[in-house]
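If you want the building blocks of each chain, they are given just below.
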Amino acid sequence: MGIGFVDPSGDLGKRLLEVEKPARYTGGEYGRLASQEAIRNAALKMAVAFPDLYEIGMSNQALRILYNRLNKIPGIACDRVFAPAPDFEALLGDTGIPLYGLDTGVRIRDLDLLGFTLGYELGITGVLAILALSGIPLRSAERTGQDPLVILGGPCVSNPLPYAPFVDAFWIGEAEGGFFTLAEELAEMKKRGEGRGALLSRMASHPSVWMPGKTAVRRAVDMDFASADPQAAVFPVAGMKTVQHHGAVEIMRGCPNGCRFCHAGVWYRPMRQKDAKVVLAEAEAFIRSGGYREISLSSLSTGDYRYIDALLEKLNRTYGPSHISFQLPSLRVSTFSLPILEKISAVRRSGLTFAVETPVDAWQLAINKKVSRDSVIAILKEARKNGWRGAKFYFMVGLPVEGLDEEAAGLQGRTGREEEEIVAFIRDVARRTGMNFNINAGAFVPKPHTPFQWSAQIDEDTAREKLEYIRRSLKPQGHKVGIQDPFISVLEGIISRGDERAGDLIEEAFNRGCRLDAWDDYIRKDVWRSILDKERSLVETFLGKKEADVPLPWNSVNSGTGLGFLAEEERRSSASLATPPCAPSCGHPCGLCPGWGKVIENAAGGSSPASSGTPEEASQDRRDPDTCRILFSFSKSGPAVWLPHLAVIEVFSMALQRAGIPVQFSEGFNPLPRIDFASPLSIGVFAEGEIATLDTAGFFDALAFAERLNPQLPEGFMVKEAFNLYIPRGSKKHSAASLLWGYAYASRHPEETGQALVPAVEEKRYRQERFDAGDSLFDLTRQSVLAKSRENPKEPASYFEVYRALYS
C-alpha cells in the first residue's frame, strides 16, 4: 500500500482563508515529533486522534502522553489528527482531499493503526467524522486489509458497547499499563511482514483489550506512575491558543475520596501520588523545553497530594522570580488553606472554584463528599482580604439524594427541594461574605462502574425546571448563572449506559449531519430529538433504574472495583453514611488492593523537596528606569502565515522562554513579557520584514538574540535582523506602533515585480483594490514594515534607521 501526503498550504492554498482558524489544520508547531521520513520508514505507521477541535485536543493530557510516548518507541512513527469544524469538512469534500496528519500531512487512510482517545461521550460523532473524511468505512465489519486498525481508549470506553459497531478494538484502562508494550509488539510483527489480521488477533488476546464477544477484560493500571522516570508530555507546543494553554504536570492519578457520583474517581483507582522529585523535573521540562509560563499541577483532587505546601513553596522559590506561576485546578474545600491561596497567587492570581455539587449535609454524606458551608465562608473571607472579589460554584440536580432529609441522617431539621437548597446556600454565602459568584449547574448523569450505576437519571423536563429556578432566583441578585442544557445530559446518559443499539442512534445522527455535539454552536438538537422521539422505549431503558439482579451492558469490563463494594456504597448512600478516603492501610477494601496495585503517597518529608534544576535568576530591579531594548525584524512563511496576531505574540513569548533570553515583564496581576509589535499581520499574508521590540532584563547582545531565538521558533518564523538599543532614564520610550508609517507590499505572482508603498491609513483601500483584481491575502507578501522618517513624518523610513537616530 502506497503512502500519500497532503500539503495543506500547497494543496488548499488560498482556500484556507474560507475557514475559521485555518491554523487548526496547517501544523508547523514547535517540537513536532513525527516527520514524513519517519512515517515512510516506520514499521508501524499510526496516528493518535482526538474527536474534537484542535484547541480542545491539544489541551488533552491523554493525547499528549500517547503522542510523546509512542514516538519514543523504535519502529513506530505517530502523527496527530483532530476533528475538523464543518467549514473545513466542507472544504475537504469540495476539493476531494482526504483528512491528513498534522505533523506530516500523511493521509490517515494509509496508516496501519488509528488510535482515538475519548474523554466525553458526545465526542463519538467526531470519531465518525474523522473516519469518514479519511475514507475509512464507519463500521468495523466493512473494513478490509487495506484499512487501518481503529482502536478506541479513554474513560468513556468503560462501557464500550455503544461504540462497538465502529471500532476494531478497545484499550481498557491506562495506556501506561501495557498499551505501549503492545504497540512495540505490533511494530515487531509489522517488521516480520505480518498483516492487519494478525495484528488484530494479537490485540484480541491481550487481557486489557475488549472486542465484541470477550466476556472478561481487565482494566490496565500503571503501577509505575508514582516512581517512573520523568515523562513530561511537552511536545508539540501548540501554535494557536488552546483552551488550556499551559503546561500540565499530572501529580496524582486516581483520587482517595470515593465520591459516589464520580466516574473518574472509580476508573482511575488506586490513588498514586507522583514522587515530588519527578514532579519538579517534569515542571522544569515544561518551562525550559516547552516555554510555558503557567503550569497546572493536575489531578482529580490536587489538595490531597501529600506535602503540597512544600512542593508549591519549592516551585515558587525556584521559578517565581522569572514570573512562572503554578495553578491547582482541583482543590477540595477541606484542603484549602490561606498559605495555599497565597502560593498559587504569588505570580498570577487564578480563580477560586468550589465543586459543592449538593448543599445539604445529609445529601453530601450520601454522595460521600463533605463541603462545609462554614469552611467555604471562612475561605472566601480570607480570600477577600487578599484581593479576591468572587468565586465559582458547581452544583448538580438529579443526584439520588432528594428523598433524604437531615432527620433521617441523625441531623437537625428537614430539607426542601434541591434547587431551593442550592439557592438558599448561595444567598447565605453571598450575604456572609459580601461577594457575588459564578454558578454553574447541570443535571447528574449516572455512570457505569459507580455506586449510582443502577440509579435512574432525572428526566429532561424536571431537570430543566430545577435549573431554571436556580437561574431566575440568583441572576437578579447579581450572580452569573450558567446551566447545562438537560437535553445534553440525556444524550450523555444514553451513550454512557446504552448498548449496541445506542450505536445505531449515533450512526443515524451522524449520517443526518450531527458533528461536534459538545459545542452549542454545532450540535443539531433537532436531529437528535427526532431520532430519540422514535425510540422512546429504548431511551427509557437506557436512562431508567437498573435492577440489581439484571446484568449490566458493561459487566464484561472489570474495573477492579467489585460489584459487591459498589452495591454496599449504594446502600450507605441511602443511609447518608460516609466512607473514609482510600489510604495505604484500608478498612473498606474495594477489590483493587493488593491484587491490582496499591495506594501510593508522595514520600517527600515536610521540608521542601530537592530541586531538579537551578534557581532562576532574579528578575530585573524595578527601581532601575534605564531600558535595554532589542529591535528586530522577522519573516513569516509556510504554516506560520495562518497564525493570528495574538498567537504570534504567544509564539515569541514561549520561544523567548525556551531560548533563556532574560526579558522584562509588565506589572500587575498577570505579568507579561514586554514585547511590542509594530503592526498586526492578517492571517494568510506572507511577510519578509515584520518589526518588533523586546525589553530585556539587562543588556543582551542582539547577535546572540537571533542565534538563540531562531532554533526555538516554530516552522515559518525567522528573526532576520536585530539591533541593540539603550534608552536612558528620562528619555521617551517610543513604542514601535507609535512610529508606524506603513508597509511595502509585493505580489506573490511571479509575473508581477516591484513593490507598493502603502501608508497604514490606506492599507485597507490597497487590499480592496487587490481583491477587486482577483487576488486574496494569500497572494500578497508584506515585504517590510516602515517607520515615519525623522526628517519628514509623511515619508517612510527603515525602523532601524529611525531607532538609531532616536537613541544613538
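Structural notes, computed from the coordinates. Just so it is clear, the structure is predicted and the values come from calculations on it, not from any experiment.

## Observations concerning the packing of helix α4 (residues 61–70) against helix α7 (residues 179–191)
Phase 1: Contact geometry of α4 with α7 gives a least axis separation of 11 Å together with a crossing angle of 40°. The angle between α4 and α7 places the two elements in the oblique class. Between α4 and α7 the crossing geometry is right-handed. Residues Ile65, Leu66, Arg69 and Leu70 of α4 lie in contact with α7, whose contacting residues are Phe179, Phe180 and Ala183.

## Concerning the sheet that holds strand β12 (residues 325–327)
Phase 1: Pairing is parallel across the open sheet formed by three strands, whose spatial order is β8-β11-β12. Each edge of the sheet is formed by a strand with only one pairing partner; in this case those strands are β8 (247–250) and β12. Strand-to-strand twist in this sheet, taken as the mean axis angle between neighbours without regard to direction, amounts to 25°.

## Digging into the side chain of Glu569
Phase 1: Mapping Glu569 onto the fold places it in helix α21 (residues 563–574).
Phase 2: On the accessibility criterion, Glu569 (4% relative accessible area) is buried.
Phase 3: When neighbours within four sequence positions are excluded, Glu569 is seen to be in contact with Arg260, Pro451 and Thr579.

## Quick look at the packing of helix α10 (residues 276–290) against helix α11 (residues 308–319)
Phase 1: Two elements in contact, α10 and α11, have axes whose closest approach is 11 Å; the angle formed by their N-to-C orientations is 35°. Crossing hand, α10 versus α11: right-handed. In this structure, α10 uses Ala276, Val279, Leu280, Ala283, Glu284, Ile287 and Arg288 to contact α11, whose residues at the interface are Leu311, Lys314, Leu315 and Tyr319.
Phase 2: For the contact of α10 with α11, the per-class residue count stands at eight nonpolar, no polar and three charged.

## Considering the packing of aromatic side chains
Phase 1: The tally for this structure, following the rule as stated, stands at 30 aromatic pairs.
Phase 2: Judged by centre distance (5.3 Å) and plane angle (15°), the ring pair of Trp642 and Phe778 falls under stacked. Here Trp642, found in the loop between β18 (627–636) and α22 (645–659), pairs with Phe778, found in the loop between α24 (763–772) and β24 (780–788); they are 136 residues apart in sequence, far enough to count as distant.
Phase 3: Under the relative-accessibility criterion, Trp642 is labelled buried at 0%.
Phase 4: Cluster of aromatic residues (ring-pair linked, three or more members): Phe632, Phe634, Phe652, Phe677, Phe705 and Phe717.
Phase 5: Taking the ring centre of Tyr30 as reference, the NZ or CZ of Arg658 above it sits at 3.8 Å.
Phase 6: Across from the ring centre of Phe778, 4.9 Å away, lies the NZ or CZ of Arg748, which sits over that ring.

## What to know about the nonpolar core
Phase 1: With 143 residues, the main nonpolar core has Leu70, Leu114, Phe632, Phe652, Phe705 and Leu709 as its most contacted residues.
Phase 2: Every residue in contact with Leu709, bar those within four places of it in the chain, is listed here: Phe652, Ala655, Leu656, Ala659, Ile661 and Val719.
Phase 3: Counting 66 residues, the second largest nonpolar core, distinct from the first, contains Leu328, Leu331, Ala443 and Ile470.

Rules and cut-offs
- Residues numbered from 1 in each chain as written.
- Predicted model: local features only at pLDDT ≥ 70, side-chain atom pairs only at ≥ 80, totals over all residues.
- Heavy atoms only, no water.
- Axes fitted to C-alpha atoms, helices over the stretch in contact; angles between N-to-C directions.
- Helix = DSSP H or I, 4+ residues; strand = E, 2+ residues; numbered from the N terminus.
- Parallel < 35°, antiparallel > 145°, perpendicular 65-115°, else oblique.
- Left-handed = near helix turned anticlockwise from the far one by under 90°.
- Contact = heavy atoms within 4.5 Å.
- Pairing = 2+ DSSP bridges.
- Buried < 20%, exposed > 50% of the residue type's maximum accessible area, 1.4 Å probe, protein only.
- Nonpolar A, V, L, I, M, F, W, Y, C, P; charged D, E, K, R; others polar.
- Phe/Tyr/Trp six-rings, centres within 6.5 Å; stacked < 30°, edge-to-face > 60°.
- Lys NZ or Arg CZ within 6 Å of the ring centre and 35° of its normal.
- Core = buried A, V, L, I, M, F, W, Y, C linked by side-chain atoms within 4.5 Å.

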